[in-house]
Number of protein chains: 2
Amino acid sequence: MKDLREKTLSSKRVYEGRILNLRVDQVLLPNGKESGREVVEFSEAVTIVAVTEDKKVLLVTQYRYPVSEVLLEAPAGKMDPRENPVACARRELQEETGYTAGSLEKICEFYTTPGFTNELMHVFLARDLTPGEQSPDEDEFVQVEAVPLQDAIAMIYNGKIRDGKTIAGLLAAYNMLKE
Amino acid sequence: MKDLREKTLSSKRVYEGRILNLRVDQVLLPNGKESGREVVEFSEAVTIVAVTEDKKVLLVTQYRYPVSEVLLEAPAGKMDPRENPVACARRELQEETGYTAGSLEKICEFYTTPGFTNELMHVFLARDLTPGEQSPDEDEFVQVEAVPLQDAIAMIYNGKIRDGKTIAGLLAAYNMLKE
C-alpha cells in the first residue's frame, strides 16, 4: 500500500476555547505538494445505549445550539481530564438520566468526523439499570424518555432521530442484541 | 414540554477558513443564565454505502490528518454550494471509487456532532453499480476496496472500522437490506 500520510510542516493554534481549540497546519501531501489542514481539537467522549429489562432504550431530549434544534439523543458527554471511558459512561448516564448500570459493555468506538476533528467517541451498552435522581451540569437541560428499542430503530429511518452517535450506537446495540 | 431553546445574545466570527468557520456566541439559557457556545460552521455532506450485486460494500482507505490515522471509510464528501444531496452522492461516489450507481436511495440523515458543529450528513444506499475510473480531488489520496458487507459489519465491533458516518451508514444499510 502506498504511504498516504501527510507530514506536518507548520502548526498554528488560532483559537483556544471552552470546549474546543482550533489549529491550522500546513502539511506535505504524498504527491509532494503542500496543503492547509484545519483541525478542531476536542476531548474524547462517550455515548451510552442504556437498555432496560423490557427492551426500552433511555433517550434524552436536548436543545443543540449549533443546529438550532431540539434533538433526541442517547446520553453522552465529554471525558474529564484523566477520566477513563468506563468511568465517564457511568457518570454521564447517572447525570443525564439518573440511572446506574449494573453492566457496562464497550460496543465500539469511532471518530465523529475525522475530516476536521480528533473527537473520539466510545460507545457503551448499559444494562441491569437502577433508577435514581438526575444531576445534570448547571448549563445542561435534558429530558429523559424510555423508548422501545424497535421504535427507536424506526425513528432513524423516519428522521425523528438525527444525531450521528445515537444512530451508530442504537444500530450497533440492536444488531448485537439480536444475535 | 419545557422550552429548552437558547437565545443568541451576541455572535462573533473568530475564524474563517478553507473548509470551516468558527463562531463564538453568547446565549441566554432556559434558566435565565448566560453561557458561551462555540460553533464550527461546516457545509452539509453525504456518505454513500455502495453495495454490489454480490453483497460487497465499497470502502476507501484514506489518511485523516486530524486523527493521524489511515481510516477505512465509506465514500463521502462535502456538498458544493447549490449542489443537492443526490447530485453530491453521485459525484463523490464516482470521484472516489470510479463507480456510478443505477439506484441511489436516501437511508437517513444526521448531525455528525451537534454539540459543536452544524455539519449535516445525508446517507445514501447505492446499488446497480457500474465500474469506471476514479477522479479524486487534487489533494485527495484514496484507495478503494470491496469488502463483504457481513465482514464490514464485524469490523465495526473489532475496531477495524473507526469512522462514525461509516459505522452509522453500514449498520443502517445492513439492517434495511436484511428486512
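Fair warning: this is a prediction, and the values are worked out from it, not measured in the lab.

Thresholds, definitions, all that
Residues numbered from 1 in each chain as written. Chains lettered and ligands numbered in written order. Predicted model: local features only at pLDDT ≥ 70, side-chain atom pairs only at ≥ 80, totals over all residues. Heavy atoms only, no water. Least-squares fit on C-alpha atoms with pLDDT ≥ 70 in both. Contact = heavy atoms within 4.5 Å. Buried area = accessible area lost by both parts, 1.4 Å probe. Salt bridge = Lys/Arg side-chain N within 4 Å of Asp/Glu carboxyl O. Polar contact = N/O pair within 3.5 Å; in protein donor to acceptor, adjacent residues only side chain to side chain. Buried < 20%, exposed > 50% of the residue type's maximum accessible area, 1.4 Å probe, protein only. Helix = DSSP H or I, 4+ residues; strand = E, 2+ residues; numbered from the N terminus. Pairing = 2+ DSSP bridges.

(A) Spatial organisation of the relation of the copies chain A and chain B. Of the transformation superimposing chain A on chain B, the axial component is 0.0 Å and the angular component is 180 degrees, with the fit at an RMSD of 0.0 Å. Here the transformation between the copies is reduced to the relation of a two-fold axis. When C-alpha distances to the rotation axis are compared across chain A, the minimum falls at A:Ala168, with a value of 2.1 Å.

(B) Focus on the interface of chain A and chain B. Listed by partner, the interface residues are 71 residues for chain A and 71 residues for chain B. Both sides of the chain A and chain B interface together cover about 6,400 Å² of buried area, and 61% of this is carbon and sulfur. Applying the counting criterion to the chain A and chain B interface returns two salt bridges. Note that B:Glu109 is salt-bridged to A:Arg162, the shortest N-O span being 2.3 Å. At the surface where chain A touches chain B, the tally comes to 26 residue pairs in polar contact (both at pLDDT 80 or more).

(C) Inspection of the pairing of strand S9 (residues 120-130) of chain A at higher detail. Residues and elements named next belong to chain A. A large share of S9 lies buried, amounting to eight of its 11 residues. Note: strand S4 (residues 45-50) against S9, six bridges, orientation parallel. Across the sheet, the residue bridging to Thr47 is Val123, located in S9. Where strand S8 (residues 100-111) and S9 come together, 10 bridges link them in antiparallel fashion. Directly across from Thr100, in S9, lies its bridge partner Thr130.

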